[in-house]
Amino acid sequence: MSLDITGGTFLMGTNSAESFPQDGEGPVRRITLDAFAIAPYAVTNADFTVFVEETGYKTENEGA
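Remember, predicted model here, so these are calculated numbers, not experimental data. (Residues numbered from 1 in each chain as written. Predicted model: local features only at pLDDT ≥ 70, side-chain atom pairs only at ≥ 80, totals over all residues. Heavy atoms only, no water.)

Our focus in this paragraph is the overall build of the protein chain. The number of helices and strands found in the protein chain is 1 helix and 4 strands. Moving toward the C terminus, one meets the helices and strands of the protein chain in the order β-β-β-β-α. The C-alpha atoms of the protein chain give 17 Å as radius of gyration, which overshoots the globular expectation for 64 residues (11 Å, by more than 25%). In terms of principal-axis extent, the alpha carbons of the protein chain reach across some 45 × 25 × 20 Å. Taking contacts inside the protein chain between residues at least 6 apart in sequence as the whole, the part at least 24 apart equals 41%. Here the protein chain has roughly 5600 Å² of accessible surface; of this, 54% comes from carbon and sulfur atoms. (Helix = DSSP H or I, 4+ residues; strand = E, 2+ residues; numbered from the N terminus. Rg over C-alpha atoms; globule rule 2.2 N^0.38 Å. Contact = heavy atoms within 4.5 Å. Areas by Shrake-Rupley, 256 points an atom, 1.4 Å probe, with all protein chains shown as cover.)

Moving on, we come to the side chain of Ser 19. As for its placement among the helices and strands, Ser 19 is situated in the loop between strand 2 (8-12) and strand 3 (29-33). Discounting residues that sit within four places of it in the chain, Ser 19 has contacts with Thr 14 and Glu 25.

Structure follows, in structure tokens:
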């Protein structure tokens, strides 16, 4: 099961002096996202292991 999220444009970030721009918190900028689907529940390590074993998936860190 997944939830369909409508794409769109929004303002993301902050201009607060207390933000951490090096972490991507600022400055405020206009972002546009395509529509996407997301699972309503977290994926457990066990679930991810099954997925990797069944698909041979490699993470970016593993050199997909």
